[in-house]
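Fold and geometry: a report
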Amino acid sequence: MKGALLVNLGSPESTDPKDVKKYLGEFLMDERVIDVPYWFRSFLVKGIILNTRPKKSAAAYKKIWWKDGSPLIVLSERLQKKVQEKTDIPVALAMRYGTMTIKKGLQELHDKGVTEVLLVPLYPQFAMATTETIVVLAEEIRKEFFPEMKITDVPAFYKKPEYINALANSIKDYLADKEYDHLLFSYHGVPERHIRKSDITKSHCKIDGSCCNTPSKAHEFCYRHQCFQTTKNVISALNLDPKTVSTSFQSRLGVDPWLQPYTDRTIVKKAEKEGIKKLAIVTPAFVSDCLETLEEIAMEGKEEFLEAGGEEFHTVPCINDNEEWVTVLTNWIREF
């Protein structure tokens, strides 16, 4: 019997600093998130970050927390429910971090008699810290607790036409009655070393102005290429003027170089240096709205833009439980 497991990032149980600290500890101790030797990662996370960041993060979560709970969890649950209503195949939901574990998700499917699982990491682009960590952990759990199960994972879907159409239409619909001079695609940032580590050719990814545009097998696992390609595909789908669209990366951590250009600096530059008065931002690295979209972009980003001289700032919602996206996801599951 077949079943599907949707997997998103996860969230603290509440906005209490203790819950936030527990969540951040699990998240940041993942060797694919902070990919340094364990001793150094432990020192960095447990010795420094968890002694300073939880209170600040808790305050940020409080700004965006909904009555029903974490926006990311609530939106993911809505998505799962809508997909389940459209198919007889059992569909479960899990998170990579937090209490809604992948093990619980697989157990739910197992209890319904599922032996073949379609694993759906809810990330359009492949990255070590997102898709890979989900796939690796799911396989480890399968081997230990559900050896009779077979898991097939959905690869990065950043260039699937049906996904691009759903994303493009959601952007078009949201901005239909709004004026904007420029559309910025902001993707979650990753350290440059992650790009090189994911390069299966071990030589292609130079992170320069040409490698992402030069055909290569490396692109199958290159987050940077896939982000830029997502932007290009949406530009094509919406017939936009490339001069009015750009790409940037948000949420950097630490002092090592991360993918550039940085979103916060780009937002300020658009207003101060380029004279952009009306800016719209879309965040296609996320399927569901979360802290990074609702607080970092919609609140902090807006404040930075207005302070730099901008006048209107529009944050396009993620595709969340958008009906077209629900249909796309349901069809993938049916075709499994």
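Because the structure is predicted, anything quoted here is derived from the model rather than measured.

Another point: the state of the cysteines. Per the stated rule, a full pass over the model turns up 0 disulfides. Cysteine 222 carries a free sulfur, and the closest cysteine sulfur to it, the one in cysteine 205, is 4.1 Å from it.

Another aspect to go through is the layout of surface pockets. By volume, the second largest pocket is sized at about 210 Å³. Around the second largest pocket sit 15 residues that line it, and Phe126, Pro155, Ala156, Glu220 and Phe221 are the ones nearest its centre. In terms of residue count, helix H5 (residues 128–145) provides more of the lining of the second largest pocket than any other element does, 4 residues in total. Looking at the lining of the second largest pocket, its residues break down into 8 nonpolar, 3 polar and 4 charged. Two domains share the lining of the second largest pocket, each providing at least three of its residues, namely domain 1 (2–156) and domain 2 (161–315).

On to the sheet that holds strand E6 (residues 245–250), then. Strand order in the open sheet made by the 4 strands is E6-E5-E7-E8, with parallel pairing throughout. Each edge of the open sheet carries a strand with a single partner, namely E6 and strand E8 (312–315). Across the sheet, the axes of successive neighbouring strands diverge by a mean angle of 25 degrees, strand direction being ignored. Sheet analysis places strand E5 (residues 182–188) next to E6, joined by 6 bridges and oriented parallel. Within E6, the position partnered with leucine 183 by the bridge is valine 245. Against the sheet, helix H10 (residues 291–307) engages E5, E6, strand E7 (278–282) and E8, with an angle of about 170 degrees to E8.

What follows concerns the UniProt feature "binding site: Fe(2+)" (unreviewed entry) in the protein. Here the UniProt-annotated "binding site: Fe(2+)" (unreviewed entry) positions come out as His188 and Glu292. Of the residues just listed, which span 105 residues, no C-alpha pair is farther apart than 8.1 Å, and they cluster in one region. Structurally, histidine 188 can be placed in strand E5. The class for histidine 188 is partly exposed, based on a relative accessible area of 22%. With sequence-adjacent residues up to four places away left out, histidine 188 is seen in contact with Tyr223, Phe249, Gln250, Ser251, Ala285, Phe286 and Glu292. Within the secondary structure, glutamate 292 is located in helix H10. Beyond its immediate stretch of four places on either side in the chain, glutamate 292 contacts His188, Gln250, Ser251, Phe286 and Ile297.

Definitions and cut-offs
Residues numbered from 1 in each chain as written. Predicted model: local features only at pLDDT ≥ 70, side-chain atom pairs only at ≥ 80, totals over all residues. Heavy atoms only, no water. Disulfide = S-S within 2.5 Å. 1 Å grid on protein atoms, 1.4 Å probe; cavity = no way out; pocket = protein on both sides within 12 Å on 5 of 7 lines; lining within 4 Å. Points joined across faces, edges and corners; volume = space filled by probe spheres on them. Helix = DSSP H or I, 4+ residues; strand = E, 2+ residues; numbered from the N terminus. Nonpolar A, V, L, I, M, F, W, Y, C, P; charged D, E, K, R; others polar. Domains from an automatic or database assignment. Pairing = 2+ DSSP bridges. Axes fitted to C-alpha atoms, helices over the stretch in contact; angles between N-to-C directions. Contact = heavy atoms within 4.5 Å. UniProt positions renumbered as here; feature names shortened; annotations may be inferred. Buried < 20%, exposed > 50% of the residue type's maximum accessible area, 1.4 Å probe, protein only.

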